[in-house]
Amino acid sequence: MAHGGRKDSPELPDLSLLKRLVRDQLIYLLEQLPGKKDLFIDSDLMSPLDRIANVSILKQHEVDKLYKVEFKPIISISDQLCFLIRPRIQTVKWICDVVNADKAAGKYRRYKIIFTPQKFYACEAVLEEQGIYGDVTTDEWAFYLLPLDDDIISLELPEFFRDQFLAGDQRWVRTAGSALHLLYSLFGPFSKIYGIGRCSKMTYESWREQVEEGEQRARQAEIGNVFLIDRDVDFVTPLCSQVVYEGLVDDTFRIKCGCVEFGPDVTSSDKSIKVMLNSQDKVFNEIRNEHFSNVFGFLSQKARNLQTAYDKRRGMDIKQMKTFVSEELKGLKQEHRLLTLHISASESIMKKKTKQDFQELLKTEHCLLEGFEIRECISFMEEHINRQVSMIESLRLLCLLSVTENGLLPKDYRALKAQYLQSYGDEHLLTFSNLRQLGLLVEQQPGETLTVMESRVGKLVNDRTAGKLTDAFSSLAKKSNFRALSRKLNLVPKSDEEYDLRVPKDMAYIFSGAYIPLSCKLIEQVLERDGWIGLEEVTRLINGHEFAVTAGGSGADSKSKGDSQRIILVMFLGGCTFSEISALRFLGKEKGYKFIIVTTAITNSSRLLEAMLDNHV
Amino acid sequence: MMMKSKADEEDYWNSSKFKAFAFDDADDDLSKLKESKMAVSSIGPLIDEEEEEWERVSWSGEPVGSISWSVKEMAASNQRADREPAFPKISTETPSLNKSQSGLSLSSLFKGKGRGGNLQSFSDMLGDSALRLYTPELRKPKSEYKDLLSDWTPEETVKRLQQGKAVSLEKFRSLQDKLLLLDLAVAAHDGNAITAVLIFLKRTLCKEVLFREMESRQTALRHLIHLLTETREQRLLLELLRALGRTEEAALLQYKEHKNITDENKRRDFLKSCLSLQFAAEDLAHIQDHYTLLERQIIIEAADRKAEREGKVEIFQKCPRKASILNMPLITTLYYCCFYHYNEPEGTFSSPGNVRQTFKISEKQYFTTALAARAKLKNWSDVDALFSSRNWLGFAKKKSPLSFQRVVDILQKNSAPTHVLQEYVALVQDAELRITLAQKHKCHDIVINTYRDMKDRHLLAEYRKKVERGSAEERKIEELLSNPMAPLSSSEPSWFCCSSQTLGGGGGGSTPQPADDASDVTQAFVGSSSFILLFQSSARTEADLQQRLRRETTDTCEKARSSCYMYGRRAQAAGGDEEEAEEERIKAAGSDLLIGPPASP
């Protein structure tokens, strides 16, 4: 990044330790079932598993064949079956079917289910009901945390969001607490914990209980402070289009478990390639946090440098050439490969974004964030819906309108909903019902005083004018929490000022200077104030559940001056976006902090909204 | 089991002391336990407990809480009187501004002993984690001496549930005990424990009692609903929702079932049966529409399949159908009707007019869809008629409920030829927008005329470089420029500034592109507050990259050509073929842009 910032950032702890631990534990669990066995893996565990083990490790521990769980009858001939799954009822039911089919066929095998990160009673209850409790042994693999990068750890639990915030099922609270406890055991003790949100509080409590249950090993802390935040504290940020490179790549190609698959349009061949995206990729590491508009300049500069480096060999004699080949060429080739890849990816992003009128889309988003020209935004959305442009995009805009305006006017809500159902199918009634339950897309409740006023004025003027007046009154009367928050925290910088994206002055750069993400702003403010003092109005608007606790006693404050105090673990319950991570990295550089982001999963607007669709019955 | 050991007896007293505390010490946090007592004894109207909790339970500076507090108490009285809790307990229910500000200092847990080899020590910890996860005070005495799992108190049972250990719930037989267990699990915020207790309650209580008790326990209720959803106990779930008066939810849940029915006739009948459910008034209209639409789709599908098979209708031969119309959204159906049944009399089920009327489709929506469908067929006279037919003032002017910019967009996405596009670009009111569009779609006349009207000599001169050598356009510009009419001004063209920068340029052999070629890609991406730097082909330094791209261009052009006339799958939801065609166009354009002028061989 081109800006200054403090240079004295502390070193991050080595998170790869987490990988070694879970790998050892997996091996231990596999050894509990000696002999050759076939392993069935939940499809969404494949990528996480890939990050910590490989086939040869599994083979070494007598795993014969590997299968993906596909909810179909199995074809394995092994006499030992091992299932590595998330604790889901549907999967357990399938295993019951497998076992019962074997029983019916008179086939004898040994079965083991390894639940990760933990088992649930509801799953065991299914085993019991299906009459195979005892035929199957169960185990837990405490694979809570997967480091995706030097500063990102994921629980890889995308369902956390829907379960916790839509269904209101708190099954993952303990899991989150345990994950935090694991980090505490390895990198703690923590001296301060801040948080906001109901789930954050519960997670804190769960963690605290586990600390008390366990034995304390005092040591030098590597992570000093923790910030817990619920996703539903800030829905605005994940609903915005991402324009920072890493976020844009995620929005366009979907980064899965730190890995992206570039299709033929990027590779310019007939096959796709998978690429790891992390700080090891030197080119990526330099552009990941940049606004997309800077990426081109950077890449072309890089390309020029590369050309110069290649050109060096022109005047070389044999000896120099030899040195060049042995010392530089490999690095240059590697860089060349990466550069080609990111250039092609950027091109592909450009093409896709051009196609979908990205500029207009961004303009609409920015208007919504500013609360400006809302009528125009609504008609833009209507056109979007009428033309059956992407179903998720349309939904995203509707939700953004609702969360920034504190709900839609009843007549808008009805009209937009009707058009949406016409364009994308009536079964989206279920989607709307979910979104309403979550509070993401709701109807405004008109105030009573307003109605009185309206009817009085309404009598004086004709119908059409009355309609316009209603709009005017409503927009005056409604108290949008987001607007108030935005004013209190200065989330939307003044639009008349020039914003130089190459030298960003605040976190707003991640949204082209149009909006500072609420989640990150809260973190900044709380760290600055060392608590919530002075933010009472803000927390009231967010609906509270904020806390700030200190581990007192002699132990903690003796080291509170150390580097660890500037290492802050931020745990997002319900997911965080790459844009938020970029914003926090920026904040860290400005203030001399280092952030480690722990999230239940990496999310973005599409994942957030897809979780609200009722695709399964 | 027969003879209680001494340790066992101590244990007994311990837990009894604990129990006594739990019920006698009136404390805010314990109110929940009291409520469960109340709930069983009172049959009167039940207040919403969750609401109550928010009000009553306050954040307390003292680490006082029912379960963990008591566990701590025991810890203190047992072996570790010297140990204080590290972090304060906070109420998970109620925000309290003042107190949460102050961090509490309670710990002696953090005494620095120096760190052991962390990997080793932690692996150890994981190895026997099953043991270490016990609270010490529960672990040693109980696990060693107790014979029966059923000796656990409700508090201990919930604690064990939280820790994922085996428990026996059978001994909780009175309603009071069962509910106490449930409330303790809820107080522990552990969804897994709550669900475990609910499964037990579901097995051992009759529905009526279970449902009744759920009414005042919103958190538990949500867990129960989620459990029943996951185990697919649809019938019980519906009963539960109805018992609680949540009829709208029940109706939606039942409606959702239609997705499981694959046979279209059965699905239609099922939707019809849904009409009698208690939906919200507004939703009922949508369900009605859903039913009517499917009913109609079945009729159209049967007729069209037959027509297609018999091969008598030209349009089906020319543009064979890619998919059945069944279960498609309304607008897709309208598009289909505009495509295949455009000129049918209004009386038929498949005529666009009839569809429009039946489902009360807005004028703008109808217009948009018809325009796209007729443009797709390249039926430009139909397209034209769409505009003029709504003009009753002598056909003097084209009118559109859609902005002309949007119209051009739709036409262009359906590969309308320049002369058609030109007609509509000219109707765009805003001059600047008109020029942008005209340049994008190479409607030279419009650009030239607009510049002429603006009397901008400089822009005209600039534009001359972009038109083909020796073309009629060039001649026209020459003429204008040589014509000593009113002085043409010479302002800078503002919308080019972003693209005039030249980047890269090593030894790749390519030269920078003319700025305007890139501008359509670039401008579309310009954010509200910044210009994007133009990325040009010259950034690619390697000849092989160039070659690769050239190949790609040829490929995509071919693809684009072959896909031109087909009725692509206008798949559900996504914009379907319209987007696909556009994709091809951009691919071609984009590659064009990146290739640059013919590279030397």
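Residues numbered from 1 in each chain as written. Chains lettered and ligands numbered in written order. Predicted model: local features only at pLDDT ≥ 70, side-chain atom pairs only at ≥ 80, totals over all residues. Heavy atoms only, no water.

*Asks:* Can you tell me about the overall build of chain B, naming the residues and giving the values?
*Replies:* Within chain B, the regular secondary structure consists of 31 helices and zero strands. When each of the 601 residues of chain B is scored for burial, the buried share is 50%. In chain B, the share of contacts with a sequence separation of at least 24, taken over all contacts with a separation of at least 6, comes to 60%. Per element, the accessible surface of chain B, about 28,500 Å² overall, is 52% carbon and sulfur. (Helix = DSSP H or I, 4+ residues; strand = E, 2+ residues; numbered from the N terminus. Buried < 20%, exposed > 50% of the residue type's maximum accessible area, 1.4 Å probe, protein only. Contact = heavy atoms within 4.5 Å. Areas by Shrake-Rupley, 256 points an atom, 1.4 Å probe, with all protein chains shown as cover.)

*Asks:* Explain the confidence of the model for chain B to me, and be specific about the residues and the numbers.
*Replies:* Keep in mind that low pLDDT regions are not for reading the predicted coordinates in detail. All names here are of chain B. Overall, the predicted model of chain B reaches an average pLDDT of 64, with 55% of residues at or above 70. Scored below 50 in pLDDT, residues 1-84 shows 134 contacts in the model against residues more than four places distant or in partner chains. Two numbers describe this predicted complex: its pTM, 0.75, and its ipTM, 0.88. (pLDDT = per-residue confidence, 0-100.)

*Asks:* Let's hear about the packing of aromatic side chains: which residues, and what values?
*Replies:* Where two aromatic rings form a pair, the distance of their centres and the angle of their planes describe that pair. By the definition in use, this model includes 35 aromatic pairs over all chains. An angle of 75 degrees between the planes, with centres 6.2 Å apart, marks the rings of A:F71 and A:W94 as edge-to-face. Of this pair, A:F71 sits in the loop between β2 (63-68) and β3 (80-85) while A:W94 sits in helix α4 (residues 89-104), and the two are 23 residues apart along the sequence. Under the relative-accessibility criterion, A:W94 is labelled buried at 7%. An angle of 40 degrees between the planes, with centres 4.8 Å apart, marks the rings of B:F387 and B:Y424 as tilted. Here the residue B:F387 occupies a position in helix α22 (residues 380-388), and B:Y424 occupies one in helix α24 (residues 418-425), the gap between them amounting to 37 residues. Exposure class is identical for B:F387 and B:Y424. Each is buried. An aromatic cluster is built from A:F40, A:Y67, A:F71, A:F83 and A:W94, whose rings are joined through pairwise contacts. (Phe/Tyr/Trp six-rings, centres within 6.5 Å; stacked < 30°, edge-to-face > 60°.)

*Asks:* I'd like to hear about the nonpolar core, residue by residue, with values.
*Replies:* Nonpolar side chains tend toward joint burial in soluble globular proteins. Residue and element names in this part refer to chain A. With 262 residues, the main nonpolar core has F83, W141, L145, I193 and F595 as its most contacted residues. With 10 residues, the single largest contributor to this core is helix α14 (residues 318-355). Every residue in contact with L145, bar those within four places of it in the chain, is listed here: L18, I153, S154, L155, A179, L182, L183 and V598. (Core = buried A, V, L, I, M, F, W, Y, C linked by side-chain atoms within 4.5 Å.)

*Asks:* Now, about helix α27 (residues 457-464) of chain B: what can you tell me, with residues and values included?
*Replies:* All names here are of chain B. If you check which residues of α27 are buried, you get L459, L460 and Y463. Each buried residue of α27 lies within a common arc of 100 degrees when the element is viewed along its axis, so the set occupies one face. In this structure, the buried side of α27 is in contact with α25 (431-440), α26 (444-454) and α28 (472-482). (Arc of directions from axis to C-beta.)

*Asks:* Which residues make up the sheet that holds strand β12 (residues 546-550) of chain A, and what are the values?
*Replies:* Residues and elements named next belong to chain A. Ordered by their spatial adjacency, seven strands build an open sheet running β6-β7-β14-β13-β9-β8-β12, and the pairing between neighbours is mixed. Where the open sheet ends on each side, the last strands, each with one partner, are β6 (146-149) and β12. Averaged over all adjacent pairs, the angle separating strand axes in this sheet is 20 degrees, with direction ignored. One ladder, built from three bridges, connects β6 with strand β7 (residues 152-154); its direction is antiparallel. Opposite P147, over in β7, you have I153 as the bridge partner. (Pairing = 2+ DSSP bridges. Axes fitted to C-alpha atoms, helices over the stretch in contact; angles between N-to-C directions.)

*Asks:* Explain the side chain of A:T404 to me, using residue names and the numbers behind them.
*Replies:* Residues and elements named next belong to chain A. By the element assignment, T404 lies in helix α17 (residues 391-405). On the basis of relative accessible area, T404 is assigned to the buried category, the value being 0%. At a separation of 3.2 Å, a polar atom in the side chain of T404 contacts the main-chain carbonyl oxygen of L401. (Polar contact = N/O pair within 3.5 Å; in protein donor to acceptor, adjacent residues only side chain to side chain.)

*Asks:* Pulling in residues and values, what's your account of the pattern of salt bridges?
*Replies:* Following the criterion strictly, the structure yields 60 salt bridges over all chains and no others. One salt bridge in this structure joins A:R585 and A:D151, with 2.9 Å as the shortest N-O distance. Taken together, the positions of A:R585 in helix α26 (residues 578-591) and A:D151 in the loop between β6 and β7 put the pair 434 residues apart, joining distant regions of the chain. Like A:R585, the residue A:D151 is buried in the burial classification. Note that A:D614 is salt-bridged to B:K256, the shortest N-O span being 3.3 Å. Of this pair, A:D614 sits in the segment after α27 (605-610) while B:K256 sits in helix α15 (residues 247-256), on two different chains. For A:D614, a relative accessible area of 5% gives the class buried. With a relative accessible area of 11%, B:K256 lands in the buried category. Connected through salt bridges with shared partners, the residues A:E360, A:E383, A:R387, B:K364, B:R406, B:D409 and B:K413 form a single ionic network. (Salt bridge = Lys/Arg side-chain N within 4 Å of Asp/Glu carboxyl O.)

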